[in-house]
Amino acid sequence: MTAPPGSDRDDYVVLGKLTSPHGVKGWLKVYSYTSPMEGILDYAEWVVQQRGERTTHRLTQGRRQGKGLVASLDGVNSREQAEQLAGAEILLPKRALPALEAGDYYWYQLEGLRVVTLSGVDLGHVNYLFETGANDVLVVQGDERSVDDRERLLPFLPEQVVRDTDLAAGRLTVDWDPEF
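Let me sum up the structure you'll find in this document.

Definitions and limits used
- Residues numbered from 1 in each chain as written.
- Predicted model: local features only at pLDDT ≥ 70, side-chain atom pairs only at ≥ 80, totals over all residues.
- Heavy atoms only, no water.
- Core = buried A, V, L, I, M, F, W, Y, C linked by side-chain atoms within 4.5 Å.
- Buried < 20%, exposed > 50% of the residue type's maximum accessible area, 1.4 Å probe, protein only.
- Helix = DSSP H or I, 4+ residues; strand = E, 2+ residues; numbered from the N terminus.
- Contact = heavy atoms within 4.5 Å.
- Pairing = 2+ DSSP bridges.
- Axes fitted to C-alpha atoms, helices over the stretch in contact; angles between N-to-C directions.
- Salt bridge = Lys/Arg side-chain N within 4 Å of Asp/Glu carboxyl O.
- 1 Å grid on protein atoms, 1.4 Å probe; cavity = no way out; pocket = protein on both sides within 12 Å on 5 of 7 lines; lining within 4 Å.
- Points joined across faces, edges and corners; volume = space filled by probe spheres on them.
- Nonpolar A, V, L, I, M, F, W, Y, C, P; charged D, E, K, R; others polar.

1. Quick word on the nonpolar core
If you look at the biggest cluster of nonpolar residues, it comprises 21 residues, and the most contacted ones within it are Leu-18, Val-30, Ile-40, Trp-46 and Leu-73. Within the residue set of this core, elements represented by two or more residues are strand E1 (12-22), strand E2 (27-32), strand E3 (45-50), strand E5 (68-73), helix H1 (79-85) and strand E6 (89-93). What Leu-73 contacts, discounting residues up to four positions off in sequence, is Leu-18, Leu-28, Trp-46, His-57, Arg-58, Leu-59, Thr-60 and Leu-85. Formed by 15 residues, the second largest nonpolar core is a distinct cluster that contains Val-126, Leu-138, Leu-172 and Val-174.

2. Overview of the sheet that holds E5
The 6 strands are arranged E1-E2-E5-E4-E3-E6 in a closed barrel whose pairing can be described as antiparallel. With strand direction ignored, the average angle separating the axes of adjacent strands in the sheet is 50°. Examined bridge by bridge, E1 and E2 share 6 bridges and lie antiparallel to one another. Opposite Gly-16, over in E2, you have Ser-32 as the bridge partner.

3. Structural notes on unusual backbone geometry
In this model, Ser-35 is joined to Pro-36 through a cis peptide bond whose omega is 0°. Here Pro-36 shows up in the loop between E2 and E3. At Arg-51, a position not held by glycine, the phi torsion is positive, near 50°. Arg-51 sits in the exposed class, given a relative accessible area of 67%. Residues other than glycine seldom take positive phi values, yet Glu-159 does so here, at roughly 75°. On the basis of relative accessibility, which here comes to 69%, the residue Glu-159 falls in the exposed class.

4. Structural notes on the sheet that holds strand E7 (residues 114-117)
The strand order across the open sheet formed by 6 strands is E10-E9-E8-E7-E12-E11, and the pairing between neighbours is mixed. The strands lining the two open edges of the sheet, one partner per strand, are strand E10 (151-155) and strand E11 (162-166). Here the average twist between neighbouring strands, direction ignored, is 35°. With 4 bridges joining them, E11 and strand E12 (residues 171-174) adopt antiparallel strand pairing.

5. Concerning the pattern of salt bridges
What the rule picks out here adds up to 7 salt bridges. Residue Arg-114 pairs with Asp-122 through a salt bridge whose shortest N-O separation is 2.8 Å. Both residues of the pair, Arg-114 and Asp-122, belong to the buried class. Between Asp-143 and Arg-114 there is a salt bridge whose closest N-O contact spans 2.7 Å. Within this pair, whereas Asp-143 is found in the loop between strand E9 (136-141) and E10, its partner Arg-114 is found in strand E7, the two being separated by 29 residues in sequence. Since its relative accessible area comes to 17%, Asp-143 is described here as buried.

6. Some thoughts on the layout of surface pockets
Roughly 920 Å³ of internal volume is contained in the largest pocket. Around the largest pocket, the lining is made up of 27 residues, and of these Tyr-33, Thr-34, Ser-35, Tyr-106 and Trp-107 lie nearest the centre. Counting residues per element, the ones that place at least two in the lining of the largest pocket are E1, helix H2 (107-110) and strand E8 (122-131). Residue composition of the lining of the largest pocket, grouped by class: 17 nonpolar, 4 polar and 6 charged. If you add up the space inside the second largest pocket, you get close to 160 Å³. What lines the second largest pocket is a set of 11 residues, and nearest its centre among them are Glu-45, Val-47, Thr-56, Pro-93 and Arg-95. When residues of the lining of the second largest pocket are traced back to their parent elements, those giving at least two are E3 and E6. Here the lining of the second largest pocket is built from residues that sort into 8 nonpolar, 1 polar and 2 charged.

Dropping the structure here:
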């Protein structure tokens, strides 16, 4: 099944990746970007994107397998068909994501935001985030608009480090020393 025509990549969030076939019946290994990793299996339809082409597949089964996940997609019934999907991204329309409570954000919403200190010093933009045992970390990349071109790792600690998140203005205000 083909994805809706005219739909733009900005309307989607990447949930994971189909990495390789699993067995001979069309199952695929799945690398999930969701937390917890099994969260990707909560979505019944996946938009699969590979080489610029998008198709929609119904998830028929999915489970934890060892340290990862495996999934069976409707219409993928052989190892050869699964091999054709290896390396594809799994997309989900942003409108299908559950609503969050005030003050909670999806990572994709924070990526690209300008990061400015309480005193107005521009540190750059949020390049990406990663998870540690203690807290999430913002990777802030300096650019032509920032005080310097340094990369900084800032803990995503609301009220302590991250003082304000303004999605409409595209800005995070942080309590952070630009020298650090």
